[in-house]
Amino acid sequence: MRLIARPPLILLGAAALSLLAACGDERPPLAQNLSADALPSTANAARGRQLVSNHGCLACHAVPTVRGPASAVGPPLDNLGRQAYLTGLLPNTPANLVRWLMDPPAINPRTAMPNVGLSQAEAQDIAAFLLSLPKGQEAQ
């Protein structure tokens, strides 16, 4: 008995309709230019900038407005508010950014980013700083 190697026409039709449906209006990006406004009012971007420096984030990340050695171990953080996902796993929201900063290995055990022992308030401050960065700003 010979098996038919071609998929049924109905499957091809469904695939074609799916492709046509995707050709409609432009979809909005997954991340909607996040801002620090969704963080608690106590989150302070200036403190966050100092914490980024104090905790050695520059050893792995390029961080606009913070002077330090050039590093490309981790991704640059200049465009964090426009990324759809954090670590490729979490939808990029201010709350998820705080979770990630507090304990990266708990979210992605394969990450190279260590848990540096941030408190929730410190993580909120760093998130406020990172989300306040303008795209493409040079270090000062």
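Calculation rules
Residues numbered from 1 in each chain as written. Predicted model: local features only at pLDDT ≥ 70, side-chain atom pairs only at ≥ 80, totals over all residues. Heavy atoms only, no water. Axes fitted to C-alpha atoms, helices over the stretch in contact; angles between N-to-C directions. Helix = DSSP H or I, 4+ residues; strand = E, 2+ residues; numbered from the N terminus. Parallel < 35°, antiparallel > 145°, perpendicular 65-115°, else oblique. Left-handed = near helix turned anticlockwise from the far one by under 90°. Contact = heavy atoms within 4.5 Å. Nonpolar A, V, L, I, M, F, W, Y, C, P; charged D, E, K, R; others polar. Salt bridge = Lys/Arg side-chain N within 4 Å of Asp/Glu carboxyl O. Buried < 20%, exposed > 50% of the residue type's maximum accessible area, 1.4 Å probe, protein only.

A. Representation of the packing of helix α3 (residues 94-102) against helix α5 (residues 120-132) in the model. Interaxial distance between α3 and α5 falls to 9 Å at its minimum, and their mutual angle equals 125 degrees. Regarding the angle of α3 to α5, the classification is oblique. Here the hand of the crossing between α3 and α5 comes out right-handed. Of α5, the residues touching α3 (which contributes P94, L97, V98, L101 and M102) are Q120, A123, Q124, I126, A127 and L131. The class makeup of the residues in the contact of α3 with α5 is 9 nonpolar, 2 polar and no charged.

B. Highlighting the pattern of salt bridges. Per the counting criterion, the structure on display carries 1 salt bridge. A salt bridge links D125 to R47, with the nearest nitrogen and oxygen atoms 2.9 Å apart. In this pair, D125 is assigned in helix α5 and R47 in helix α2 (residues 45-54), connecting sequence segments 78 residues apart. Accessibility expressed as a relative area gives 5% for D125, which makes it buried. Given the relative accessible area of 43%, R47 is considered partly exposed.

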